[in-house]
Amino acid sequence: MDQLLQQVLQVITQRHAEASSTGVTPSSEAIAAADNFVSLHGHLDQHGLGTSATLAALLEKVAPALIGGQAGPRYFGFVTGGVTDAALLADLLVSSFDQNVQVHLPHVSIATTLEVAALDMAADLMHIDSRTIFTGKTLTTGATASNVLGLATGREAVGLSVMGPDFSVADYGFAGFKVIVLHASGHASIAKAAAIVGIGRKNCVDLADEPNSPHFDIARLESLLRKSKDEKTGVIIVISSGEVNSGAQTRNVPEIRALADTYDAWIHMDAAFGAFAPSTESHNLHLADSITSDAHKWLNVPYDCGLFYTKRRDLLFQSVAPMFDVKGQGPAYLQSNSTRDGEQQQQLQQLGQDIMSPLMVGIENSRRFRALPLYASLLALGRDGYEQIFEANVFFANKVAAWMEASPDYILLNGNMERGSDELVSSIVLFCASDSNSGGFNTKTDGNERLLQSLNDSREMYVTGTKWAGKGAIRLAVSNWRTGAGEKDAEGEETDFATVIRVLQRVMNTE
Ligand SMILES: *Cc1c(COP(=O)(O)O)cnc(C)c1O
């Protein structure tokens, strides 16, 4: 085993050193070879290969067929982030220790205490207070799971305000109670969460003021809130803080908060990556009842690690506690009869420091120690280190966006956002080929798909396609800690920016 461990460490060391120079995506030959291997070894053998031969197969057959650059600086698909150095080292330890972080046993393991510290530190970075206000908090498998928790907790809250103090969907099911989710171009995972918690996809209503916009049509929002109150329908408002295509932040959040208070609606904010956007405006995260964010995106810790916070720890517990009868079973201060009044809320807030067993406030029972890489990364980088990453990423995206604005071959689709006046975009560059582009990518036919394919065939960068205003578009999302770092004073080697521009030019035959 000693030698095999050394071998793995060597591979990791080499990958770390070459993160910027290797092909982003695998060759088709590598995929074919791996396919072949997996189809040959897709049934359980009577006798195993043994550890050594297995490692050899992983390194020779499987690894070359993975997206080698997914954790690197020129993978711009989705919003994936990478892995900071501290997070990588910590993650290796996690697999070795194999802690199961489900029950708070402070005298047996520090794991749960450390998880709460990591959650509080991430909240510090987001400028929200999870020590005394957002005391319901847990690490999840990702933003989707956090959205499930947000809708589940919101569902309990609106059930109480509409149906009365003894009503609980978690206890009795919906029993005729209807809940709707009002959003503005919400992420698809909101529909998934609505499906899972029993609200139903068809009860999600898009109130965007125009297609793809994260801004609400406030008049429609208010009229639906009023109608719902009359009809005794519960309402959860989902605000996407960071629309996935453009990175745009929702407007009028204080006004939406005031409406939610008037009509007893719950506000869930999906700030998977937007929570960390360096912005001149406040994100208004503190105005939410529950918040989703992701650590495996812009915080650059390994998959999978999502963040969830809510001001109603009592209702989070009520929503997910693994017991057949929650009444009287939880910690004394969480018992359900008294959890529903203001006094109990106050008491809960005073007890904000108390740590609950993660299985009482999250989806899973058994859980990975995903807190350790997050904790290590926050510890290593501090606020300054992280803010430098966010700023370098936005700087990089703006440099690409500015180049596109000046290019006759491309159209920047998310320019001139209402951010700082000298900034074009957030961390996402949304674009398509111009009508007169020199590469012949006619957007009226299959031009967008061909452009996407050509860019990715370079294997020097990776971007993903999307739909924008009914047409095909391409999204270049910058979220890796290496991207843009040192871009300002790079000399000698080709920078990531220069590589990206070269690829953008080459596909247009203008290199
Ligand atoms: C990525 C993303 C999600 C889904 O996150 P996962 O971590 O993939 O589950 C949800 N909402 C928004 C706004 C996102 O960007």
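Residues numbered from 1 in each chain as written. Predicted model: local features only at pLDDT ≥ 70, side-chain atom pairs only at ≥ 80, totals over all residues. Heavy atoms only, no water.

## Things to note about unusual backbone geometry
Point 1. Cis geometry is found at the peptide bond from Y303 to D304, where omega equals -10 degrees.
Point 2. With a phi angle near 60 degrees, H127 is a residue other than glycine that sits in the positive phi range.
Point 3. Examined against the element boundaries, H127 turns out to sit in the loop between helix 5 (111-125) and strand 1 (136-140).
Point 4. Since its relative accessible area comes to 59%, H127 is described here as exposed.
Point 5. For N252, which is not glycine, the phi torsion reads 60 degrees and is therefore positive. (Helix = DSSP H or I, 4+ residues; strand = E, 2+ residues; numbered from the N terminus. Buried < 20%, exposed > 50% of the residue type's maximum accessible area, 1.4 Å probe, protein only.)

## What about the nonpolar core?
Point 1. Of all hydrophobic cores here, the largest spans 63 residues; its most connected members are I237, L299, L307, Y309 and L374.
Point 2. Per-element accounting of this core gives the leading share, nine residues, to helix 14 (residues 371-406).
Point 3. Among the nonpolar cores identified, the runner-up in size contains 29 residues, and L424, V500, V503 and M508 belong to it. (Core = buried A, V, L, I, M, F, W, Y, C linked by side-chain atoms within 4.5 Å.)

## Quick word on the pairing of strand 6 (residues 290-294)
The side chains of a regular strand alternate, first on one face of the sheet and then on the other.
Point 1. Across the five residues of strand 6, five count as buried, placing the element largely inside the fold.
Point 2. Both faces of strand 6 are covered, namely the face carrying S290, T292 and D294 and the face carrying I291 and S293.
Point 3. Sheet topology places strand 5 (residues 266-270) next to strand 6; three bridges connect them, and they run parallel. If you follow M269 over to strand 6, its bridge partner there is I291.
Point 4. Bridge count between strand 6 and strand 7 (residues 306-310): five bridges; the pairing is antiparallel. (Pairing = 2+ DSSP bridges.)

## Some thoughts on the site of the ligand
Point 1. Near the ligand lie 13 residues; those nearest to it are T144, D270, D294, H296 and K297.
Point 2. Within the backbone of A143, one N or O atom sits 3.0 Å away from an oxygen atom of the ligand.
Point 3. At 2.6 Å, a side-chain N or O of D270 approaches a nitrogen atom of the ligand.
Point 4. Burial of the ligand by the protein chains amounts to 83% of its free accessible area of 380 Å². (Near = heavy atom within 4 Å. Polar contact = N/O pair within 3.5 Å; in protein donor to acceptor, adjacent residues only side chain to side chain. Areas by Shrake-Rupley, 256 points an atom, 1.4 Å probe, with all protein chains shown as cover.)

## Some words on the sheet that holds strand 9 (residues 428-433)
Point 1. An order of 8-9-11-10 is seen for the four strands of this open sheet, with the pairing classed as antiparallel. Lying at the two open borders of the sheet, with one neighbouring strand each, are strand 8 (410-412) and strand 10 (464-468). Across the sheet, the mean angle separating the axes of adjacent strands is 40 degrees when strand polarity is ignored.
Point 2. Note: strand 10 against strand 11 (residues 471-477), five bridges, orientation antiparallel. (Axes fitted to C-alpha atoms, helices over the stretch in contact; angles between N-to-C directions.)

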